[in-house]
Amino acid sequence: MNMIITEVSSQKQKLRHRKIMCSLIISIIIICITAIGSVLLGYLLHQQPKQTQYQQTISVNQSELCYGPLAFMHEQGTRIHWCTKEKVESQLVGYPSGVNTKSHYHSTFVNSTNFNYSIPGSDVQYSYYLPETIKKFVVMTDTHGNPKYTTLLNEIDFDFMFHNGDLCENGDLSELEVGFANWPTKPMLFATGNHDYNFNKFNHVVERPLHYYQQIRNIGVFVIYTLNNEDKDAFNFLNDNAYLAEDSDHVFIVTHNPTYATGGHGAISKLSKKMEKFLDTHSNLNFRAVFSGHNHVFTAFKRKELLYFVNGVGGGHLNDVYSKQKMGDRVWKTEELHGPLEEVNDQSYGYQYHLDSYSKYTRTEVSIEGNKIIYVIRDLDTNTVLRTYEQTF
Ligand SMILES: [Fe+2]
């Protein structure tokens, strides 16, 4: 009898142990599932805003692109534009509201100054984050479809770029294809040139008006077009919108037509005087420089501590300045000009403000270091520095 009681008691004890073990295992499984679930949920919640805001993918293979993607800075974000050889549907994944019609041209507005995407089937990675503090930007002009500028730009680090117009020569799509074949994946602020305006095919690419204002962090930029009798609109725009730059630490004007120039076209004194009047009227703003093109030589002028640049040529002809027929009394007798020059006619208006001129392919690199701006003028053929200008405040 005693034996039977002992066996029953032992079985009960085993059963209790099993129950405890089962409860323990189930508890461990529940804890593990909860922990893994929490980690996964946290990861997904953390990733979702990133994907929505930045991660985009162009659903075309790079081999199908004729050019691009090009990124144009806008006030509220970035216009990304690309071209496909065939008329196909193409859009940025993550931006379903973007254009997705059968076309050669594709354009999407990204509601951010930052973007990061890849092109499936290729090793192209295109990432950009606009830094809080602008350290360096590049100014180029008159590329006329030449790839020299864009190829060399891959060798230096910079935050963004101004293009002062004449992106094209004849308005052909192939010029963009060649000119942007080695694009350095940095956004650009574009001012329309007479070649771009004449062919009028580039509005579709840039999608900005002739005159506009752009704030880039603490930098204010006015872009205007003053050729083809658009000057009245341009100066009305400047006067009406000057207040926009009141809080900017540094303010620049980007315009194809120069205020002063020693190159083939020279100055148009009527416009030069309007620019001088505008800048004198708004001397309370932190204007630093006027960047221009149109004349295919590099020139620097200085009036009242403000610098006026023609940022040199990227693809156009260089030799006009030695042609008596083209230049008249302004013809160059040496390869470089330095210091104040004699004003002989309307085109040489402002020659007393002249600093330097070089008939070379150049680019301008602008560095902002605290209370100092440094403008480095670089010869594109030799990669040597031709000249450096400094402004302190
Ligand atoms: Fe040009």
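Right above here is the structure, for reference.
Here's what I pulled together on the structure shown here. Since we're looking at a predicted model, the values are computed, not measured.

1. Some points on the overall build of the protein
Helix and strand counts for the protein come out as eight helices and 21 strands. Among the 393 residues that make up the protein, the fraction classed as buried is 37%. Within the protein, contacts between residues separated by at least 24 positions form 66% of all contacts whose residues are at least 6 apart in sequence.

2. A short note on the packing of helix α6 (residues 231-241) against helix α7 (residues 269-281)
For any two helices packed against each other, the geometry comes down to the angle between their axes and how far apart the axes lie. Put simply, α6 and α7 touch, their axes get as near as 11 Å, and they point 5° apart. When the axis of α6 is compared with that of α7, the two are roughly parallel. Taking contact as the criterion, the partners of D231, F235, L238 and N239 in α6 are, on α7, L271, K274 and F278. In the contact of α6 with α7, the residues fall into four nonpolar, one polar and two charged.

3. A closer look at the pairing of strand β12 (residues 219-224)
Most of β12 is tucked away: six of the six residues are buried. The alternating pattern of β12 places I219, V221 and V223 and G220, F222 and I224 on opposite faces, both of which are buried. Pairing between strand β11 (residues 212-216) and β12: five bridges, direction antiparallel. Residue pairing in the sheet places Y213 in a bridge with F222 of β12. Counting the residues between successive antiparallel strands, the hairpin from β11 to β12 contains two residues, one of them, R217, with a positive phi of roughly 55°. In this structure, β12 lies alongside strand β13 (residues 250-255), joined through six bridges in parallel fashion. From the neighbouring strand, V221 faces β13, where its bridge partner is F252.

4. Examining the nonpolar core
Core analysis: the biggest nonpolar cluster contains 69 residues, and L189, V221, I224, F252, V254 and F291 have the highest contact counts within it. With near-sequence residues (within four places) excluded, V221 lies in contact with L189, Q214, I216, F252 and V254.

5. Considering the pairing of strand β9 (residues 160-163)
For a regular strand, the rule is simple: side chains alternate between the two faces of the sheet. The alternating pattern of β9 places F160 and F162 and M161 and H163 on opposite faces, both of which are buried. Looking at chain direction, strand β8 (residues 136-140) and β9 are connected through four bridges and run parallel. What sits directly across from V138, in β9, is M161. Pairing analysis gives three bridges linking β9 to strand β10 (residues 188-190), with the strands arranged parallel. Of the residues in β10, the one forming a bridge with M161 is M188.

6. Structural notes on the sheet that holds β11
Taking strand neighbours across the sheet as the criterion, the eight strands line up as β11-β12-β13-β14-β16-β15-β18-β17 in an open arrangement whose pairing is mixed. Two strands lie at the open edges of the sheet, namely β11 and β17 (336-338), each paired on one side alone. Averaged over all adjacent pairs, the angle separating strand axes in this sheet is 15°, with direction ignored.

7. Things to note about the environment of G293
Along the chain, the position of G293 falls in the loop between β14 (287-292) and β15 (298-303). For the pair G293 and H256, spaced 37 residues apart in sequence, the C-alpha separation works out to 4.9 Å. In this structure G293 touches T141, D142, N164, G165, D166, G193, H256, V310 and N311, once residues within four positions along its chain are discounted.

8. Let's talk about the environment of G312
Among the secondary structure elements, G312 is positioned in the loop between β16 (306-311) and α8 (324-327). On the basis of neighbour count, G312 is assigned to the buried category, with 33 C-beta atoms found within 10 Å. With residues near it in sequence (within four places) discarded, G312 still touches T141, V297, F298, K360, Y361, T362 and R363.

9. A word on α6
The complete set of buried residues in α6 reads A234, F237 and L238. Around the axis of α6, the buried residues are gathered within 95° of arc, so they sit on the same side. For α6, the exposed residues set more than 90 degrees away from the buried face come down to K232, N236 and D240.

What counts, and at which threshold
Residues numbered from 1 in each chain as written. Predicted model: local features only at pLDDT ≥ 70, side-chain atom pairs only at ≥ 80, totals over all residues. Helix = DSSP H or I, 4+ residues; strand = E, 2+ residues; numbered from the N terminus. Buried ≥ 20, exposed ≤ 12 C-beta atoms within 10 Å, placed from the backbone. Contact = placed C-beta atoms within 7 Å. Axes fitted to C-alpha atoms, helices over the stretch in contact; angles between N-to-C directions. Parallel < 35°, antiparallel > 145°, perpendicular 65-115°, else oblique. Nonpolar A, V, L, I, M, F, W, Y, C, P; charged D, E, K, R; others polar. Pairing = 2+ DSSP bridges. Core = buried A, V, L, I, M, F, W, Y, C linked by C-beta atoms within 7 Å. Arc of directions from axis to C-beta.

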